[in-house]
Amino acid sequence: MLHFTWPALIGIFLVTNALAQSPTAIPSVGGALVPTKSILPSPSPSATPTREELVNSLSQADLQAAITLLKSNFTSPDAITDTELNRATVEGLMIRLPRGVMLLPNKESAPGEAPGAFYGEVLGGHIGYLRLGSLNSANLQAMDKSLANFAAKKVDALIVDLRSSQGTNDFAVAAEFAKRFCPKGKPLFTLRKPAARQDRVFGSDRDPAFRGLVMVLADGDTSGAAEALASALRFYDKALVIGQPTAGRAVEYSDLPLPGGKILRVAVAEAGSPEGRSLFADGIKPDLPVEMPTIDKRQIFQLSAEKGMGPFIYETERPHMNEAALLAGTNPEVEAWGALQPRRGRGPEKPPAHDPVLQRGLDVDTSLEVYQKR
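Quick summary incoming for the structure in this document. Because the structure is predicted, anything quoted here is derived from the model rather than measured. Starting from 1, residues in each chain are numbered consecutively following that chain's sequence as written. Two thresholds apply to this predicted model, a pLDDT of at least 70 for residue-level local features and 80 or more for giving and counting side-chain atom pairs, whereas whole-chain, interface and lining totals are computed over all residues. The side-chain numbers reported here are obtained from all heavy atoms of the structure, hydrogens and water having been left aside.

## Observations regarding the overall build of the protein
As a reminder of what qualifies: Per the convention used, a helix needs a DSSP run of H or I reaching at least four residues, while a strand needs a run of E reaching at least two, with both numbered from the N terminus. Relative accessible area decides the class of each residue, using a 1.4 Å probe on protein chains only: under 20% of the type maximum gives buried, over 50% gives exposed, and in between gives partly exposed. Residue contacts are counted whenever heavy atoms from the two residues lie within 4.5 Å of one another. The Shrake-Rupley method, run with a 1.4 Å probe sphere, supplies the accessible areas, and residue values consider only the shown protein chains as cover.
The secondary structure content of the protein amounts to 11 helices and 13 strands. Across the 374 residues of the protein, 31% fall into the buried class. Look at the contacts in the protein between residues 6 or more apart in sequence, and 68% of them connect residues 24 or more apart. When the accessible surface of the protein is totalled, it reaches about 23,600 Å², and 58% of it is carbon and sulfur.

Structure representation (structure tokens):
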């Protein structure tokens, strides 16, 4: 097998690229090099631009001209009145800024997320698992109790689960959660409001309650202030983010009443990470992407209150044939297989739910533990 260094690979690429862009020289009968057309396929024509790309390419003059031409030439003039143009503008902004502009029927109908409950557990004897739920004062107190319990049990690694921390926009409370893990005297995140003269900086004024390996679980349900918390843990604790991209809603909203009674919800401030990167719209991309159906996740979270998380991350050992079963004339392997087969009038037994995201976090911790002991 041939081995190339990075400089050699780059050199090969450059030479190949140059040959592809120049006429190919082949030897003639007399030995001279004769230019000929390249045998490489010609580049395919560019794809047809999308409607959004075409609209984005219009200048201010083009936009004004398009409106004027539509008003004077469209077959149904009533369809392009000033009212319809204004409606199209608002609708277009909601489409183009889906996380920043929303129209609600009224204040009472504003969608609100049910508060997510806190849950804590020790896994594998030394790994603390914290599912923070909603970032509120009650869950903060519950987390403090769990951290004190973890310290007594010599917990040296922590998995912070933010997959049920949605609809939380209290950045001051989120900062209190971050203070339990991030160094004292450091900025945690920033709330930038264009209308204000200066940014609002949230910092830590206390020593962290936990020092050790931290991993963060996140997905599309991780939104608002929870995204700012995740960014602080990633920056200061070098926490790996495992799961799926967050919602991209790390903003502060204002509900602005309209004359007709409807509500215009507008993002008026956006959160920035400790290194100054905006968290709005793009959110946080995971370091280790792991997919999991949302319905399975929520079912597991509901059942874990009485069963714990163990049944959903540790595989149950498959029954094996043994001496007792042989004497009894039974076969546990066949019985276990039969239990999963379709019954008359109903489908096969559904295998137990599994949390691959949390499982990946435990696998990473185990791998690091083995590596550190070498």
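Picking up after the structure, the text goes on.
## Some points on helix H5 (residues 137-152)
Short version of the rule: Residue count minus one, scaled by 1.5 Å, sets the expected span of a helix. Working definition: the arc comes from the directions between the helix axis and the C-beta atoms, pointing outward to the latter.
The end-to-end C-alpha distance of H5 is 23 Å, a good match for the 22 Å that 16 residues give at a rise of 1.5 Å each. Regarding H5, the residues found buried are Asn139, Leu140, Met143, Ser146, Leu147 and Phe150. All buried residues of H5 lie within an arc of 120 degrees about the axis, which places them on one face of the element. Turned more than 90 degrees from where H5 packs its buried face, Ala138, Gln141, Lys145 and Ala152 sit exposed. Positive phi shows up at Lys154, right after H5, with a value of about 60 degrees.

## Remarks on the nonpolar core
Here is the rule we go by: In these notes, a set of buried Ala, Val, Leu, Ile, Met, Phe, Trp, Tyr and Cys residues joined through side-chain atoms within 4.5 Å is what counts as a nonpolar core.
Among the nonpolar cores identified, the biggest contains 43 residues, and Leu130, Leu132, Met143, Leu158 and Phe181 are the most heavily contacted of them. Those elements giving two or more residues to this core turn out to be H5, strand E6 (157-161), helix H6 (171-179), strand E7 (187-192), strand E9 (213-218), helix H7 (225-236) and strand E12 (263-272). A total of 8 residues in this core trace back to one element, the largest contributor, which is H7. Ignoring any residue separated from it by four or fewer positions in sequence, one finds Leu130 in contact with Phe118, Tyr119, Gly120, Met143, Ser146, Leu147, Phe150, Leu158, Ile159, Val160, Asp161 and Phe181. One finds Tyr119, Ile159, Leu217 and Leu358 within the second-largest nonpolar core, a separate group that totals 21 residues.

## Considerations on the pairing of E12
Just so we agree on the cut-off: At least two bridges found by DSSP between two strands are what make those strands a pair.
Bridging between strand E3 (residues 101-104) and E12 involves 4 bridges; their strand directions are antiparallel. Residue pairing for E12: Leu104 is matched across the bridge by Ile263. Both E7 and E12 contribute to a ladder of 3 bridges, which runs antiparallel. By the bridge assignment for E12, Arg192 is matched with Glu270. As paired strands, strand E11 (residues 251-257) and E12 are joined by 7 bridges and run antiparallel to one another. Counterpart to Val251 in the pairing with E12 is Glu270.

## Re the sheet that holds strand E5 (residues 127-131)
Stated precisely, the cut-off is as follows: Note on geometry: axes are C-alpha line fits, over the in-contact stretch for helices, and angles between N-to-C directions span 0 to 180 degrees.
Across the sheet, which stays open at both edges, the 6 strands sit in the order E4-E5-E6-E9-E10-E13 with mixed pairing between neighbours. Two strands close off the open sheet at either side, each with one partner strand: strand E4 (119-123) and strand E13 (288-289). Running over the sheet, helix H11 (residues 356-373) touches E4, E5, E6, E9, strand E10 (240-243) and E13 and is turned about 160 degrees from E9.

## Regarding the environment of Gly212
Tracing the sequence through the fold places Gly212 in the loop between strand E8 (200-203) and E9. Classification of Gly212 as partly exposed rests on a relative accessible area of 35%. Separated by 27 residues in the primary sequence, Gly212 and Ala239 place their C-alpha atoms 10.0 Å from one another.

## What to know about the packing of aromatic side chains
Centre-to-centre distance and the angle between the planes together describe a pair of aromatic rings. Heads up, the rule is: A pair of aromatic rings is counted whenever rings of Phe, Tyr or Trp (Trp by its six-membered ring) have centres within 6.5 Å, and the orientation is called stacked for planes under 30 degrees apart, edge-to-face for over 60 and tilted otherwise. Should the NZ of a Lys or the CZ of an Arg lie within 6 Å of a ring centre and within 35 degrees of the ring normal, that charge is described as sitting over the ring.
Taken as a whole and judged by the stated rule, the model has 4 aromatic pairs. The interplanar angle of 85 degrees and the centroid separation of 4.8 Å between the aromatic rings of Phe235 and Tyr236 together place this pair among those described as edge-to-face. Phe235 sits in the partly exposed class, given a relative accessible area of 33%. Accessibility expressed as a relative area gives 18% for Tyr236, which makes it buried. Taken together, Phe171, Phe189 and Phe202 form an aromatic cluster joined through their ring pairs. A cation sits over an aromatic face here: Arg131 above Phe301, 4.2 Å from the ring centre. Here the basic side chain of Lys238 rests over the ring of Phe235, its NZ or CZ set 5.9 Å away from the ring centre.

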